[in-house]
Amino acid sequence: QVQLVESGGGSVQAGGSLRLSCTASGYIFCMGWFRQGAGKEREAVSTISSTAVTYYADSVRGRFTISRDNAKNTVTLQMNSLVPEDTAMYYCAARPGYCNLIVSFNVWGQGTQVAVSS
């Protein structure tokens, strides 16, 4: 089974930017990012297929950009104009089939923390 390794994250002030990266141990069609804030349910942030079809949650559209390097099996989430509400543990996820915000993902990374202060 494909394994995912995340990097990036950290602390930033509101209005700042962060970049998250996730590398898969092999090819997998769909990769994406989820997040879970303290006391909140996990939510889908963005997904991208190996054909570069992307989806974004309404809360991040226009501020976050997902991209993918198929040759390196890497997906990157560029997060701009961060707000305190973006504070959460961010998880990279992957699945072999359909790729959108509502399908179930079966491969998960360990998570990386993002903290945005006001």
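What comes next is a walk through the structure. Small disclaimer: the values here were computed from a predicted structure and weren't measured. (Residues numbered from 1 in each chain as written. Predicted model: local features only at pLDDT ≥ 70, side-chain atom pairs only at ≥ 80, totals over all residues. Heavy atoms only, no water.)

1. Remarks on the pattern of salt bridges
Taken as a whole and assessed by the stated rule, the structure comprises four salt bridges. Ionic pairing is found between aspartate 86 and arginine 35, a salt bridge with its closest N-O pair at 2.9 Å. You can see aspartate 86 sitting in the loop between strand S8 (74–79) and strand S9 (88–95) and its partner arginine 35 sitting in strand S4 (residues 30–36), a full 51 residues away along the chain. Both residues of the pair, aspartate 86 and arginine 35, belong to the buried class. The shortest N-O distance in the salt bridge between arginine 61 and aspartate 58 comes to 2.6 Å. Its relative accessible area of 65% is what places aspartate 58 among the exposed residues. (Salt bridge = Lys/Arg side-chain N within 4 Å of Asp/Glu carboxyl O. Helix = DSSP H or I, 4+ residues; strand = E, 2+ residues; numbered from the N terminus. Buried < 20%, exposed > 50% of the residue type's maximum accessible area, 1.4 Å probe, protein only.)

2. Examining the nonpolar core
Core analysis: the biggest nonpolar cluster contains 28 residues, and Leu4, Met31, Trp33, Leu77, Met79 and Tyr90 have the highest contact counts within it. Breaking this core down by element, the ones donating at least two residues are strand S3 (18–24), S4, strand S5 (43–49), strand S7 (64–69), S8, S9 and strand S11 (112–117). In this structure, Cys30, Phe34, Cys99 and Phe105 belong to the second largest nonpolar core, which totals seven residues. (Core = buried A, V, L, I, M, F, W, Y, C linked by side-chain atoms within 4.5 Å.)

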